[in-house]
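For reference, the chains in residue letters:
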Amino acid sequence: MANRGGFSSKLGFIMAAAGSAVGLGNIWKFPFEVGNGGGAAFVFIYLIFCFILCLPVMITEIAIGRKTQLNPVGAFSKLGFKGWRNLGKLGLISGFLILSFYNVVAGWAFGYFIEILLGNFEIGQNFSAFTSNVIKVGGYATIFMVSTAFIVSKGISGGIEKASKILMPTLILIILSLVAYSFTLEHSIEGLKFYLVPDFSKITLPVIYGALGQAFFSLSLGMGALITYGSYVGKNDNIITSAVLITLTDVGIAFIAGLMMFPLVAYMTEGGVAEYVQGGGGGAGLIFSTLPSVFEKMGPTLGVVIGSLFFLLLSFAALTSTVSLLEVPVSYVVDEHKVKRTRAVWGVAILIFIVGIPSLLGNGYSTFFTEFVTYFGAEKPTDFMTFIGHVANDTFLPLGGFLISVFAAYVWKKASLSDEISQGYPNYKGSIVEKYINFTISYLCPTILGVLFILTVLDRFFSISVVG
Ligand code: TRP
């Protein structure tokens with residue numbers, strides 16, 4: 001394992017894993033999913049999933065990675081029998097699909113940085129014209145994929161770790177100042193109410209699986225990204241405290257992104273948050289349509305500074321995530337097929353970019369990809385990017401989480417999981433934490449994730465509602 005590299009310190013790992021977790025999922029996707037899911041009720045379910053179901057899965061992924069020092073495909077076959085390689089491959093496919101569209105949205109964010117830097121605040125009203133301009137967005141997306149590949153080709157401590165350490169804290173700072181600013185605006189209270197006061201009658205099956213998919217996506221779980229990062233972690237690190245810190249950071253940033261967004265939306269719509277986010281204003285365009293006019297109201301100079309800085313940092317947050325998404329297939333090709341790192345990086349990056357082209361075209365440019373599928377019983381067609389999101393995020397990731405917990409509890413075995421965790425956490429065995437992890441991994445995660453997987457597939461793709 002001499003040439004695999006590793007994180008230079010415990011903090012380096014936490015920052016990089018948090019960098020993977022914190023990204024467009026927190027700042028772009030979380031607010032619009034909250035909007036689609038009816039507000040605070042969605043937030044409530046999301047928080048429960050993150051801390052009760054996802055945290056143990058995260059601990060398990062890191063433990064599997066550190067134990068085997070391998071990519072997901074190698075890791076599962078080393079600890080189980082050969083057939084479990086396929087679980088690693090499912091993860092590779094999920095990562096491939098997610099990165100293919102994620103890179104396009106990252107291209108939007110980067111494009112917004114440039115546009116606002118040039119003083120183009122009208123970009124908010126022109127969001128759909130922007131996304132259907134495939135030459136422009138394609139160019140930004142290319143810049144983005146090239147930057148990702150460049151960082152990944154530099155290896156673990158040189159590239160990934162360094163980038164995460166500087167950029168994350170700066171991003172948190174700017175969002176917090178936007179939260180403070182948004183609180184001073186008129187109607188902000190109505191936004192906060194939508195976001196924080198749950199109406200439990202809004203909890204329906206789609207809200208539940210939306211929240212589950214969002215929790216997995218935001219925490220970078222269910223496809224082995226954290227197995228891969230875990231494979232670079234030192235044996236003396238405490239996996240539990242690391243996972244808790246990563247989860248708190250990720251959930252914390254999503255939460256403050258919501259605190260920023262909803263008062264802003266309330267201000268812009270004079271209190272009509274629910275109508276706006278559930279009407280034409282919500283969805284993937286939420287932050288992109290709303291924020292530019294907020295920046296514009298700050299005045300020409302301040303607006304350009306804050307606005308462009310915001311989208312620049314959002315692009316960097318996305319970059320630490322795309323890096324982790326690319327690292328998974330790259331480490332697979334490097335470990336299992338003995339390809340040189342640089343070659344693996346560029347080969348995989350080009351392939352994923354090509355797979356992402358329909359997502360690029362499906363936002364207004366090509367009618368075929370914009371109206372890609374109509375689910376059974378659905379009124380409106382779903383575009384290619386959203387469809388891939390439904391398949392990869394909302395279906396494959398929880399399925400991966402289900403299989404990872406079944407694998408850890410019944411194939412690798414709880415005792416081996418405990419052995420691995422207790423390295424770096426000497427009092428782990430016999431503690432209440434161990435009992436809790438073992439219980440969730442053996443019973444809670446398999447049952448809930450398994451049942452929700454089936455319900456999601458039936459409901460979303462076949463319009464068969466077993467409940468409600
Ligand atoms: N978590 C990232 C975000 O919220 C996206 C991401 C990075 C991801 N790596 C992942 C999602 C692995 C799922 C699996 O933006």
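Scroll up to find the structure.
### Quick look at the environment of Ala254
Position of Ala254 relative to the elements: it lies in helix α12 (residues 239-268). By relative accessible area, Ala254 is classed as buried at 0%. Distance from Ala254 to Arg66, taken between C-alpha atoms, is 27 Å for residues 188 residues apart in sequence. Discounting residues that sit within four places of it in the chain, Ala254 has contacts with Asn26, Phe30, Tyr46 and Tyr195.

### Describing the site of the ligand
Taken together, the neighbourhood of the ligand is formed by 17 residues, with Ala21, Gly25, Tyr102, Phe217 and Ser220 sitting nearest. Asn26 places a polar side-chain atom, nitrogen or oxygen, 3.5 Å from an oxygen atom of the ligand. At 2.4 Å from an oxygen atom of the ligand is found a side-chain nitrogen or oxygen belonging to Tyr102. In isolation the ligand exposes 370 Å². Once the protein is present, 100% of that is buried. When residues of the shell around the ligand are traced back to their parent elements, those giving at least two are α1 (10-21), α2 (24-36), α5 (85-117), α10 (205-218) and α15 (300-337). Each residue belonging to the shell around the ligand can be placed in one class, and the counts come to nine nonpolar, eight polar and no charged.

### Thoughts on the environment of Ser359
Relative to the assigned elements, Ser359 resides in helix α17 (residues 357-361). Residue class for Ser359 comes out buried when judged on its relative accessible area of 0%. Apart from residues lying up to four places away in sequence, Ser359 is in contact with Phe101, Val104, Phe384 and Met385.

### Observations concerning the packing of aromatic side chains
Counted under the stated rule, the structure contains 34 aromatic pairs. Considering the side-chain rings of Phe372 and Phe387, the 5.7 Å spacing of their centres and the 50° angle between planes classify their relative orientation as tilted. Here Phe387 lies in helix α19 (residues 384-422) and Phe372 lies in the loop between α18 (367-370) and α19, a separation of 15 residues in the sequence. Through successive ring pairs, a cluster of aromatic residues spans Trp108, Phe110, Tyr112, Phe113, Phe127, Phe130, Tyr140, Phe288, Phe295, Phe310 and Phe311. Lys29 extends its terminal NZ or CZ atom over the ring of Phe217, reaching a point 4.9 Å from the ring centre.

What counts, and where the lines are drawn
- Residues numbered from 1 in each chain as written.
- Predicted model: local features only at pLDDT ≥ 70, side-chain atom pairs only at ≥ 80, totals over all residues.
- Heavy atoms only, no water.
- Helix = DSSP H or I, 4+ residues; strand = E, 2+ residues; numbered from the N terminus.
- Buried < 20%, exposed > 50% of the residue type's maximum accessible area, 1.4 Å probe, protein only.
- Contact = heavy atoms within 4.5 Å.
- Near = heavy atom within 4 Å.
- Polar contact = N/O pair within 3.5 Å; in protein donor to acceptor, adjacent residues only side chain to side chain.
- Areas by Shrake-Rupley, 256 points an atom, 1.4 Å probe, with all protein chains shown as cover.
- Nonpolar A, V, L, I, M, F, W, Y, C, P; charged D, E, K, R; others polar.
- Phe/Tyr/Trp six-rings, centres within 6.5 Å; stacked < 30°, edge-to-face > 60°.
- Lys NZ or Arg CZ within 6 Å of the ring centre and 35° of its normal.

Function cannot be read off these values alone, since they describe shape.
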